[in-house]
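What follows is the residue order along each chain.
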Amino acid sequence: EGFLRRIAVGQDLKQGQLPRVTVPMWDAMAVVATGPANVEFQLIRNKQFLPSEFEVVANLRCDRLEMEQVGGDILDNLYNQGLDSIMVKEDKLWKASADLTVGVVNPLNYIGGQLTPQILATIRQGVTDWNLPASTALISNDFWADIIGNADFAQMLDPVTKYDLAMNGELGTLVGLNLLTDGFRQPNQKVLNRGEIYVVSTPEHHGCFSDRGGVRSEPTTGADMGNTTRGWLMSELLSWTLANPRSVSKGRRV
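This is a predicted model, so every value here is computed, not measured. (Residues numbered from 1 in each chain as written. Predicted model: local features only at pLDDT ≥ 70, side-chain atom pairs only at ≥ 80, totals over all residues. Heavy atoms only, no water.)

A. View of the pattern of salt bridges. Going through the model one piece at a time under the given rule, you end up with 11 salt bridges. Its salt-bridge partner being Glu53, residue Arg212 comes within 2.9 Å of it at the nearest N-O pair. Residue Arg212 is located in the loop between strand E10 (207-211) and strand E11 (216-221), and its partner Glu53 is located in the loop between strand E3 (47-49) and strand E4 (54-62); the two are separated by 159 residues in the primary sequence. On the accessibility criterion, Arg212 (14% relative accessible area) is buried. Where salt bridges share partners, they join Arg5, Glu90, Asp211 and Glu236 into one cluster. (Salt bridge = Lys/Arg side-chain N within 4 Å of Asp/Glu carboxyl O. Helix = DSSP H or I, 4+ residues; strand = E, 2+ residues; numbered from the N terminus. Buried < 20%, exposed > 50% of the residue type's maximum accessible area, 1.4 Å probe, protein only.)

B. Seen up close, unusual backbone geometry. Positive phi, normally seen in glycine, also occurs at Asn131, with a value near 60°. Checked against the element boundaries, Asn131 lands in the loop between helix H4 (117-128) and strand E6 (134-139). On the accessibility criterion, Asn131 (74% relative accessible area) is exposed.

C. A look at the packing of aromatic side chains. This model, assessed by the stated rule, comprises two aromatic pairs. Where Tyr79 meets Trp232, the ring centres are 5.2 Å apart and the plane angle is 75°; that geometry is what we call edge-to-face. On the criterion of sequence distance, the pair formed by Tyr79 in helix H3 (residues 74-100) and Trp232 in strand E12 (residues 230-242) is long-range, its members being 153 residues apart. Among the residues examined, Tyr79 registers a relative accessible area of 27% and is labelled partly exposed. Arranged with centres 5.2 Å apart and planes meeting at 70°, the rings of Trp94 and Tyr198 form a pair that is edge-to-face. Linking Trp94 in helix H3 with Tyr198 in strand E9 (residues 196-201), this pair joins segments that are 104 residues apart in sequence. Judged by relative accessible area, which is 0%, Trp94 ranks as buried. For Tyr198, a relative accessible area of 0% gives the class buried. The lysine or arginine in question, Arg185, covers the ring of Phe3, its NZ or CZ lying 4.8 Å from the ring centre. (Phe/Tyr/Trp six-rings, centres within 6.5 Å; stacked < 30°, edge-to-face > 60°. Lys NZ or Arg CZ within 6 Å of the ring centre and 35° of its normal.)

D. Geometry of H4. With 12 residues, H4 should cover 16 Å at 1.5 Å per step; its first-to-last C-alpha distance of 16 Å lies within 8% of that length. Where H4 is concerned, the buried positions are Pro117, Leu120, Ile123, Gly126 and Val127. (Expected span 1.5 Å × (residues − 1).)

E. Fine view of the pairing of E6. Burial analysis of E6 places six of its six residues in the buried class, which makes it a mostly covered element. Judged from the five bridges that link them, E6 and E9 form a sheet pairing that is antiparallel. Residue pairing in the sheet places Thr136 in a bridge with Val200 of E9. Note: E6 against strand E8 (residues 177-181), four bridges, orientation parallel. (Pairing = 2+ DSSP bridges.)

F. Looking closely at the side chain of Thr220. Counting through the fold element by element, Thr220 comes out in strand E11. Relative accessible area serves as the criterion here: at 16%, Thr220 is assigned to the buried category. For Thr220, the side chain forms a polar contact with the side chain of Arg61, separated by 3.4 Å. With residues up to four places along the chain from it excluded, the contact list for Thr220 reads Leu60, Arg61, Thr229, Arg230, Gly231, Trp232 and Leu233. (Polar contact = N/O pair within 3.5 Å; in protein donor to acceptor, adjacent residues only side chain to side chain. Contact = heavy atoms within 4.5 Å.)

G. Looking closely at the environment of Pro203. Counting through the fold element by element, Pro203 comes out in helix H8 (residues 203-206). Setting aside chain neighbours within four positions, we find Pro203 in contact with Arg6, Ile7, Ala8 and Val9.

H. Spotlight on the layout of surface pockets. Taken as a whole, the largest pocket encloses approximately 600 Å³ of empty space. Looking at the largest pocket, it is lined by 22 residues, and the ones nearest its centre are Val23, Pro24, Met25, His205 and Asn244. If one sorts the elements of the lining of the largest pocket by residue count, H8 sits on top with four residues. For the lining of the largest pocket, the class distribution of residues is 13 nonpolar, five polar and four charged. (1 Å grid on protein atoms, 1.4 Å probe; cavity = no way out; pocket = protein on both sides within 12 Å on 5 of 7 lines; lining within 4 Å. Points joined across faces, edges and corners; volume = space filled by probe spheres on them. Nonpolar A, V, L, I, M, F, W, Y, C, P; charged D, E, K, R; others polar.)

I. Molecular detail of empty space enclosed by the protein. Going through the model one piece at a time under the given rule, you end up with one cavity of 30 Å³ or more. In this structure, the largest cavity spans a volume of roughly 50 Å³. Per-element accounting of the lining of the largest cavity gives the leading share, three residues, to strand E13 (residues 248-253).

Below, the structure written as structure tokens:
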């Protein structure tokens, strides 16, 4: 459900392996030979990154009194909250790296007033101008009102999509972009600030993350420390590389 795992290429590492990200360079050039000729070879080298791994940890507990009063589902609830917190931390890592790319190659696009198809196309052009496909738009919750209430967007939507938008409040694709938002998450799980929008290229042109089997969970107890708490220690080993700053373009409402 997280942003990072949906817009980046995943790499599952085994014990003894180290994360390595290879970025192919499309530099090959052909020549025209009008007669017999010896053509010198062109040496193609790919970029390689060796990212550092780190741990993402969530240590959650509740006391016995809480478990007795609330009921047996509280430990399941705690487990799901731990998964959510790790997802949010992954997404914040992506957002921090995406914000660092602003101004490196693609400038920040300022949005005055409502979001329109022309503004969305301008932000999208920050990616496509580098001959990269633009596949995903991450939009903050306040832009949904612009999409629903803007007549220009309504003209671009087919009747089936309009029906889904009216019935479910969700919109899958617009201007060739898959729309993702954290607007339906709990307040403490939101990653995007109000008025922020990111357009991202396809995963193979954007970035890569690695993990070692996903999230590992261990049941914990406070008996050894003299208390009656129980809960979960959840962790994952992760690395993250945003290898191509040209693959993300950001807009912000002023």
